[in-house]
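Summary of structural features
Now for the letters of each chain:
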Amino acid sequence: MKKLRYYFMVLLLVMATFPAMAQTAAQPTDKVEWHGYTQFWINTDFNDTYSMALRRLKFWLGSGPAFSEHWSFKVQALFTSLGHEKFFLQDVFGQYSNKSGISSIRFGQFIPKFSLQRFQPDYLIPSVERANVINATIPDGTLGVRDLGLQYTLKTGQKHLEVNFGVFNGYGIKQYRLNYNGYLLTHNLSYTVKEKNAQWKFGYSVMYRKAVGLQLKHVLPDSVLFTGNDFRFDLYALFNSQYFDLQGEYLNTWLNGQRAYGYYALATIKMNSKNEIYLSYDKYKDLISTRDDHPWYIAGYNYLFKNHDLMLTLDTRFRKENGSLKNMTSFQFQIFFH
């Protein structure tokens, strides 16, 4: 009950703070804009496991329309029960764009451009979590997701084609290494086709890392510190329409020739403006011999009280584990602050 009172106090503080900021954020003369949202989470297997958590309290500030013609910035922080109830600084970056916005260079701490679902905001993703293979095998998925570096982006005039190239430290943000002699290189390309009531998107991502003594949790055993060549590849496709969405990705990881891989498919049916259901197949094969690699089968329902600003999600998933059927059901309530 003490934790519940604490979470309630945090929610009241956020609700009191962000709407006041949001009133000024609507003005086109603003130099800085604030946004934030929170997600409350109840998780159970209806047997002997039950948990309640503040899944996310995320807020960020960034440059507004009046900040600069060419320069922009973003600072983002996260509070979550899963992070031992500590605030976590996520994004801190600046960006310079040319006048037309066709090319830009970003520098600082941010997520290397890799994968489709990783760059879909978690408040817009139908299910309560991203696919396991996304969380584990994006470049720094197990090293803090973000990294320090530079990224160049080029778009065509109609912005159908987008190309990204990045150079990063290569050891994530969970630790600081004064004399690290590795590095990370990334590349992403996507092509978008827009029709009147639909959109297609295709793309791929590749990365190479010279790794030195990295603990790649959820890919290798915790006792292993990996040194060598880390090469990863991602292929994805997306279809969006008024009535349903469909997307899938296939990711491969080679660590000195050893292969981990995974893929998912996610379908969302939009019954009307307030009701949608989703189905997903989530498969991930790591390099940990003691882990069960059976796929997850996922089904869920979203009720949108006010689009994604106020939303309730019911998510249930199951798979075979150690010869028996394991299931997990989550209820999530989301409130967004503009």
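Anything mentioned here points back to the structure above.
A brief look at the structure comes next. (Residues numbered from 1 in each chain as written. Predicted model: local features only at pLDDT ≥ 70, side-chain atom pairs only at ≥ 80, totals over all residues. Heavy atoms only, no water.)

**A short note on the overall build of the protein chain**
The criterion, for reference: Helical segments are the DSSP runs of H or I of at least four residues, strand segments are the runs of E of at least two, and each set is numbered from the N terminus. Burial classes follow relative accessibility: with a 1.4 Å probe on protein chains only, a residue under 20% of its type's maximum area counts as buried, one over 50% as exposed, and anything between as partly exposed. Residues are treated as being in contact if the distance between any of their heavy atoms lies within 4.5 Å. Values of accessible area rely on a 1.4 Å probe in the Shrake-Rupley scheme; residue burial ignores everything except the protein chains shown. Asp and Glu are treated as the negative residues and Lys and Arg as the positive ones, with His and the ends of the chain left uncounted. Here the site of a charge means atom NZ of a Lys, CZ of an Arg, CG of an Asp or CD of a Glu.
Of regular secondary structure, the protein chain possesses two helices and 16 strands. Its C-alpha atoms give the protein chain principal-axis dimensions of roughly 60 × 50 × 45 Å. Per-residue burial for the protein chain yields a buried fraction of 47% across its 338 residues. Residue pairs at least 24 apart in sequence account for 52% of intrachain contacts in the protein chain once pairs closer than 6 positions are excluded. Summed over its atoms, the accessible surface of the protein chain is roughly 17,500 Å², and 61% of this surface lies on carbon and sulfur atoms. Charged side chains in the protein chain number 37 positive and 26 negative. The centres of these two groups are separated by 3 Å.

**Things to note about the environment of Phe244**
Looking at the element boundaries, Phe244 is found in strand E11 (residues 244–255). Taking relative accessible area as the criterion, Phe244 reaches 38% and is therefore assigned partly exposed. Here the alpha-carbon distance between Phe244 and Met271, two residues 27 residues apart in the chain, equals 8.5 Å. Look past the residues within four positions of Phe244 in its chain and what remains in contact with it is Phe239, Thr268, Ile269 and Lys270.

**Some thoughts on the side chain of Lys113**
For clarity, the threshold we go by: For this document, the term salt bridge refers to a Lys or Arg side-chain nitrogen within 4 Å of an Asp or Glu carboxyl oxygen.
Looking at where Lys113 falls in the secondary structure, it is placed in the loop between strand E5 (103–110) and helix H2 (132–137). This buried residue, Lys113, is left without a salt bridge; Glu162 holds the nearest opposite charge, at 4.2 Å. Not counting the four nearest positions on each side in its chain, Lys113 is found in contact with Phe119, Gln151, Glu162, Asn164, Thr186 and Asn188.

**Details of the packing of aromatic side chains**
Given two aromatic rings, their pairing is described by the distance between the two centres and the angle made by the two planes. Basically, it comes down to this: Put simply, two rings from Phe, Tyr or Trp (the six-membered ring, in Trp's case) pair if the centres are within 6.5 Å, and we call them stacked under 30 degrees between planes, edge-to-face over 60, tilted for the rest. By definition here, charges over rings are those cases where NZ of Lys or CZ of Arg is within 6 Å of the ring centre and within 35 degrees of the ring normal.
One pass over the structure, following the stated rule, counts 23 aromatic pairs. Considering the side-chain rings of Phe110 and Phe168, the 5.4 Å spacing of their centres and the 70 degrees angle between planes classify their relative orientation as edge-to-face. With Phe110 in strand E5 and Phe168 in strand E7 (residues 161–168), this pair connects stretches of sequence that are 58 residues apart. Judged on exposure class, the residue Phe110 and its partner Phe168 are both buried. An angle of 70 degrees between the planes, with centres 5.0 Å apart, marks the rings of Tyr171 and Tyr180 as edge-to-face. A connected cluster of aromatic rings, assembled from ring pairs, spans Tyr250, Tyr263, Tyr281, Tyr297 and Phe318. Sitting over the ring of Trp60, Lys74 keeps its end group 5.5 Å from the ring centre. The lysine or arginine in question, Arg106, covers the ring of Phe93, its NZ or CZ lying 4.1 Å from the ring centre.

**Structural notes on empty space enclosed by the protein**
Taking a probe equal in size to a water molecule and rolling it over the atoms shows the remaining empty space. Cut-off, in case you're wondering: Grid points spaced at 1 Å and placed over the protein atoms alone form the basis of the search, with a cavity being a set where a 1.4 Å probe fits but cannot get out and a pocket an open set showing protein on both sides within 12 Å along at least five of seven lines. Lining residues have an atom within 4 Å of a point. Grid points are joined across faces, edges and corners, and a volume is the space filled by probe spheres set on the points. Classes in brief: Ala, Val, Leu, Ile, Met, Phe, Trp, Tyr, Cys and Pro nonpolar; Asp, Glu, Lys and Arg charged; the others, Gly included, polar.
Evaluated as defined, the whole model comprises two cavities of 30 Å³ or more. Quantified by volume, the largest cavity comes out at close to 70 Å³. In terms of lining, the largest cavity is formed by Gln117, Ser127, Glu129, Arg130, Ala131, Tyr264, Leu266, Ser280, Asp282, Ile298 and Arg317. Elements with a contribution of two residues or more to the lining of the largest cavity: strand E12 (258–270) and strand E13 (275–285). Here the lining of the largest cavity is composed, by residue class, of four nonpolar, three polar and four charged.

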